[in-house]
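# Examining the three-dimensional arrangement
So you can see what is in the structure, the chains are spelled out below.
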Amino acid sequence: MTAPQISFEFFPPKNLEASFRLWDTVQVLAPLAPRFVSVTYGAGGTTRELTRDAVATLHKSSGLNVAAHLTCVQASREETLAIADSFALAGVTDIVALRGDPPQGAGHFTPHPGGFANSVELIQALAETGKFAIRVGAYPDIHPEAASAQADIDWLKAKLDAGADEALTQFFFEAETFFRFRDACAKAGIDKQITPGILPIENWKGARNFARRCGTHIPAWVEDAFDKATRDGREDLLATAICTELCSELIDGGVDKLHFYTLNRPELTRDVCHALGVTPRVALQNVA
């Protein structure tokens with residue numbers, strides 16, 4: 001098995017303790033030489049400033065290729081593009097462009113009166129600047145707001161046609177879910193990189209709730225296995241085994257890039273990467 005290229009997603013820290021946790025996460029995972037790392041936005045753009053600060057600090061201090069998340073939520077076009085320009089000025093030219101989740105308590109996404117109506121408009125504007133490599137989200141399981149699986153794929157194609165370079169998928173539990181999605185994308189004429197998103201399950205209750213909110217199908221065997229493992233105190237062992245097997249099946253099916261949602265808890269992600277043959281290359285330098 002050929003070791004895959006990898007990338008990682010981090011959360012921006014909201015307090016001092018979380019800042020140390022993020023830096024510890026970076027120290028653990030940076031030696032695996034990811035092709036990039038990304039930093040998320042909170043729902044409703046609530047961590048906009050924190051994301052900008054974390055992106056600039058990681059870019060300056062870690063030597064990693066850092067991608068900043070950017071959304072359309074609660075900001076005008078001018079404000080959103082100003083944030084993008086601030087990333088570029090800091091040397092960050094990779095952006096994960098997303099519509100974004102509505103603020104907590106809001107039932108659905110409502111565009112800012114002077115903002116981008118959707119992710120396609122945002123991607124077009126970013127692409128027109130010529131400054132950025134642009135990644136977007138994709139959904140192997142149907143997005144909760146999508147009319148159908150085909151509508152999801154049509155929207156992904158629109159985002160890629162608007163100027164995006166690569167799609168990162170929502171997490172899923174079975175390799176066949178991704179393979180069916182990849183085949184459907186190819187049938188629709190999508191020929192750009194689609195990278196599977198992988199969620200190492202640090203906490204089954206949290207992962208299950210997250211899956212239900214975002215429309216990710218939970219196979220009965222996964223639910224049963226984690227329920228039994230939790231009772232027996234073997235949740236970490238099961239999580240490592242399931243995640244490693246999923247990644248191995250993806251690689252056997254021709255996948256050469258994986259994107260890990262770390263939740264700023266690096267140990268399980270590191271262990272899975274090691275099992276896949278991704279081993280440390282260099283030590284992290286320039287520790288702030």
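Each value, and the rule that gives it
- Residues numbered from 1 in each chain as written.
- Predicted model: local features only at pLDDT ≥ 70, side-chain atom pairs only at ≥ 80, totals over all residues.
- Heavy atoms only, no water.
- UniProt positions renumbered as here; feature names shortened; annotations may be inferred.
- Helix = DSSP H or I, 4+ residues; strand = E, 2+ residues; numbered from the N terminus.
- Buried < 20%, exposed > 50% of the residue type's maximum accessible area, 1.4 Å probe, protein only.
- Contact = heavy atoms within 4.5 Å.
- Polar contact = N/O pair within 3.5 Å; in protein donor to acceptor, adjacent residues only side chain to side chain.
- Axes fitted to C-alpha atoms, helices over the stretch in contact; angles between N-to-C directions.
- Parallel < 35°, antiparallel > 145°, perpendicular 65-115°, else oblique.
- Nonpolar A, V, L, I, M, F, W, Y, C, P; charged D, E, K, R; others polar.
- Core = buried A, V, L, I, M, F, W, Y, C linked by side-chain atoms within 4.5 Å.

Under an unreviewed UniProt entry, the chain has the name Methylenetetrahydrofolate reductase and belongs to Ruegeria marisflavi. Turning to the chain, the UniProt annotation filed under Sequence similarities (unreviewed entry) states: "Belongs to the methylenetetrahydrofolate reductase family." Under the Cofactor (unreviewed entry) heading, UniProt states for the chain: "FAD".

## Some details on the environment of Ala241
Within the fold, Ala241 resides in helix α9 (residues 235-252). For the pair Ala241 and Val272, spaced 31 residues apart in sequence, the C-alpha separation works out to 8.3 Å.

## Quick look at the environment of His259
Residue position: His259 is located in strand β8 (residues 257-261). Judged by its relative accessible area of 0%, His259 falls in the buried class. The spatial distance from the C-alpha of His259 to the C-alpha of Ile194 is 10 Å, given a sequence separation of 65 residues. If we ignore the near neighbours within four places in the chain, the residues touching His259 are Ser7, Phe8, Glu9, Phe36, Ser38, Leu168, Thr195, Pro196, Gly197 and Ile198. Of note is the side chain of His259, whose polar atom sits 2.6 Å from the side chain of Ser7.

## Overview of the packing of helix α1 (residues 16-29) against helix α10 (residues 266-275)
Helix-helix packing: each pair is described by the crossing angle between the helix axes and the interaxial distance. Two elements in contact, α1 and α10, have axes whose closest approach is 10 Å; the angle formed by their N-to-C orientations is 10°. Comparing their axes, α10 and α1 come out roughly parallel. Residues Thr25, Val28 and Leu29 of α1 pack against Pro266, Thr269 and Arg270 of α10. Broken down by class, the residue content of the contact of α1 with α10 amounts to 3 nonpolar, 2 polar and 1 charged.

## Concerning the environment of Phe178
Tracing the backbone through its elements, the reader meets Phe178 in helix α6 (residues 175-187). Residues Phe178 and Asp141, 37 residues apart in the sequence, show an inter-C-alpha distance of 8.6 Å. If near-sequence neighbours (up to four positions away) are discounted, Phe178 is found in contact with Thr169, Phe172, Ile194, Pro196, Leu250 and Val255.

## Quick look at the nonpolar core
Side chains that are nonpolar tend, in soluble globular proteins, to be buried together. Ranked by size, the top nonpolar core spans 80 residues in total, and within it Phe8, Leu70, Leu126, Leu156, Leu250, Leu258 and Phe260 carry the most contacts. Element by element, the count of residues in this core is highest for α9, at 8 residues. Look past the residues within four positions of Leu126 in its chain and what remains in contact with it is Leu70, Leu81, Ala84, Ile95, Ala97, Phe132 and Ile134.

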